[in-house]
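Inside the fold
Here is what each chain is made of, one letter per residue.
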Amino acid sequence: AQKITQTQPGMFVQEKEAVTLDCTYDTSDPSYGLFWYKQPSSGEMIFLIYQGSYDQQNATEGRYSLNFQKARKSANLVISASQLGDSAMYFCAMRPLDSNYQLIWGAGTKLIIKP
Amino acid sequence: EPEVTQTPSHQVTQMGQEVILRCVPISNHLYFYWYRQILGQKVEFLVSFYNNEISEKSEIFDDQFSVERPDGSNFTLKIRSTKLEDSAMYFCASTRLAGGGRNTQYFGPGTRLTVL
C-alpha cells in the first residue's frame with residue numbers, strides 16, 4: 001500500500017534559518033510524483049514544489065528545494081532563509097505518474113517561525 | 001493567474017439537510033477532484049472526475065455523496081443528508097492534462113462545512 005510519513009508533527013525555527021521538513025514514502029509503483037503543499041492558517045492549500053521519481057536533479061523553486069533520495073524513499077523539503085510568513089502546515093503528497101489518480105497525503109508538519 | 005474558486009467559503013447546516021458545494025476549476029483543466037480535511041487531520045480523497053464521469057472514488061464517497069458538472073464551468077459536490085461527521089474543510093482541485101506526470105493538482109481555497 002502507498003503511504004506518506006511525516007514524522008515531525010511540529011517544528012519551531014528561528015527566522016532567517018534554513019529548515020528541513022521530513023517526508024518518507026512507500027510505494028511499489030515504478031514511477032511516481034512527489035508534491036509539497038503549504039496550508040496557512042487561513043486554510044487554503046498552496047502548491048510549492050514537485051519532484052518526479054525519474055528526475056535526475058533535485059527540484060528547486062525559489063527558496064524551496066527538495067532533497068530527494070530515491071534509494072531511501074525520502075523527499076525532504078528544505079526552506080532556505082525562513083520568513084515569518086512561512087509559518088503554516090506543510091503536507092507531503094504522492095501520486096503514481098501513470099495516472100491522474102488521487103494524491104496520497106502525509107499527516108503534515110506544523111512549522112512556526114520565531115522572530 | 002488562473003485559479004480554482006469555491007463557494008461558499010463557509011457553510012453551516014443542520015444535520016440531515018442537503019448541501020451543495022460549488023467549485024469552478026481552472027478553465028482548461030480536464031480532471032477534477034474533491035478532498036476533505038477534518039480539523040487537525042490529514043487530507044482525505046473523496047472523488048475524481050473526468051470526461052463527465054467519476055474516474056475514482058474512496059470509501060468515504062458513499063451514496064450520500066454525488067458530483068456533477070452541470071455546465072462547462074462548475075463542478076459541484078452534493079451531500080444529501082449531512083451528518084455531524086461531515087463537518088470538515090472541503091477542497092476542490094483540478095489538473096490540466098490527462099495522464100500523470102507533473103500535472104499538479106491546483107486547489108481551491110476550500111469550503112468549511114459545519115454540521116450542527
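Quick notes on the rules
- Residues numbered from 1 in each chain as written.
- Chains lettered and ligands numbered in written order.
- Predicted model: local features only at pLDDT ≥ 70, side-chain atom pairs only at ≥ 80, totals over all residues.
- Heavy atoms only, no water.
- Helix = DSSP H or I, 4+ residues; strand = E, 2+ residues; numbered from the N terminus.
- Buried < 20%, exposed > 50% of the residue type's maximum accessible area, 1.4 Å probe, protein only.
- Contact = heavy atoms within 4.5 Å.
- Pairing = 2+ DSSP bridges.
- Axes fitted to C-alpha atoms, helices over the stretch in contact; angles between N-to-C directions.
- Core = buried A, V, L, I, M, F, W, Y, C linked by side-chain atoms within 4.5 Å.
- Salt bridge = Lys/Arg side-chain N within 4 Å of Asp/Glu carboxyl O.
- Nonpolar A, V, L, I, M, F, W, Y, C, P; charged D, E, K, R; others polar.

This part covers the side chain of glutamine 105 of chain B. Its location among the elements puts glutamine 105 of chain B in the loop between strand S9 (88–95) and strand S10 (106–107). On the accessibility criterion, glutamine 105 of chain B (0% relative accessible area) is buried. If we ignore the near neighbours within four places in the chain, the residues touching glutamine 105 of chain B are Tyr37, Arg95, Tyr101, Gln102 and Leu103 of chain A together with Tyr33, Tyr35, Ala93, Ser94 and Thr95 of chain B.

Residue and element names in this part refer to chain B. The strand order across the open sheet formed by four strands is S1-S3-S8-S7, and the pairing between neighbours is antiparallel. Both outer strands of the open sheet, strand S1 (5–7) and strand S7 (65–68), are each paired with one neighbouring strand and no more. Here the average twist between neighbouring strands, direction ignored, is 20°.

Before going further, it helps to examine the nonpolar core. Membership of the largest hydrophobic core comes to 26 residues, with the highest contact counts inside it found for Trp36, Leu77 and Tyr90 of chain A. Those elements that place two or more of their residues in this core are strand S2 (10–14), strand S3 (19–21), strand S5 (32–39), strand S6 (46–52), strand S8 (64–69), strand S9 (74–79), strand S10 (88–96) and strand S12 (109–114) of chain A. Among the elements that take part in this core, S10 of chain A stands out by supplying four residues, more than any other. Of all hydrophobic cores here, the second largest spans 21 residues; its members include Leu21, Trp34, Phe65 and Ile79 of chain B.

Oppositely charged side chains are able to pair whenever their charged atoms sit close together. Across all of its chains, the model carries three salt bridges over all chains by this definition. Residue arginine 63 of chain A pairs with aspartate 86 of chain A through a salt bridge whose shortest N-O separation is 2.8 Å. On the criterion of sequence distance, the pair formed by arginine 63 of chain A in the loop between strand S7 (60–61) and S8 and aspartate 86 of chain A in the loop between S9 and S10 is long-range, its members being 23 residues apart. A salt bridge links arginine 36 of chain B to glutamate 44 of chain B, with the shortest nitrogen-to-oxygen separation between them at 3.0 Å.

Let us look at the interface of chain A and chain B. Contacts between the two partners involve 21 residues from chain A, matched on the other side by 24 residues from chain B. Counting only elements with at least two residues in the side of chain A that touches chain B, the list comes to S5, S6 and S10 of chain A. The biggest single contributor to the side of chain A that touches chain B is S5 of chain A, with three residues. For the side of chain A that touches chain B, a count of residues per class yields 11 nonpolar, six polar and four charged.

Let us now look at unusual backbone geometry. Here threonine 7 of chain B and proline 8 of chain B are connected by a cis peptide whose omega angle stands at -10°. Relative to the helices and strands, proline 8 of chain B resides in the loop between S1 and strand S2 (10–13). Positive phi values are uncommon outside glycine, yet lysine 16 of chain A reaches one of about 80°. With respect to the helices, strands and loops of the structure, lysine 16 of chain A is situated in the loop between S2 and S3. We note that lysine 73 of chain A has phi near 55°; this positive angle belongs to a residue other than glycine. Here lysine 73 of chain A is to be found in the loop between S8 and S9. Judged by its relative accessible area of 28%, lysine 73 of chain A falls in the partly exposed class.

Let's shift gears to the pairing of strand S5 (residues 44–50) of chain B. Looking down a regular strand, the side chains alternate between one sheet face and the other. Residues and elements named next belong to chain B. Judged by how many residues are buried, S5 sits mostly within the fold: five of seven residues are covered. Across six bridges, strand S4 (residues 31–37) lies against S5 in antiparallel orientation. Within S5, the position partnered with tyrosine 33 by the bridge is serine 48. In sequence, S4 turns back onto S5 through a hairpin of six residues, with glycine 40 there showing a positive phi of about 80°. Looking at chain direction, S5 and strand S6 (residues 53–57) are connected through four bridges and run antiparallel. The partner of tyrosine 50 across the bridge, within S6, is glutamate 53. The antiparallel pairing of S5 with S6 creates a hairpin that spans two residues between the two strands, and asparagine 51 there sits at a positive phi of about 55°.

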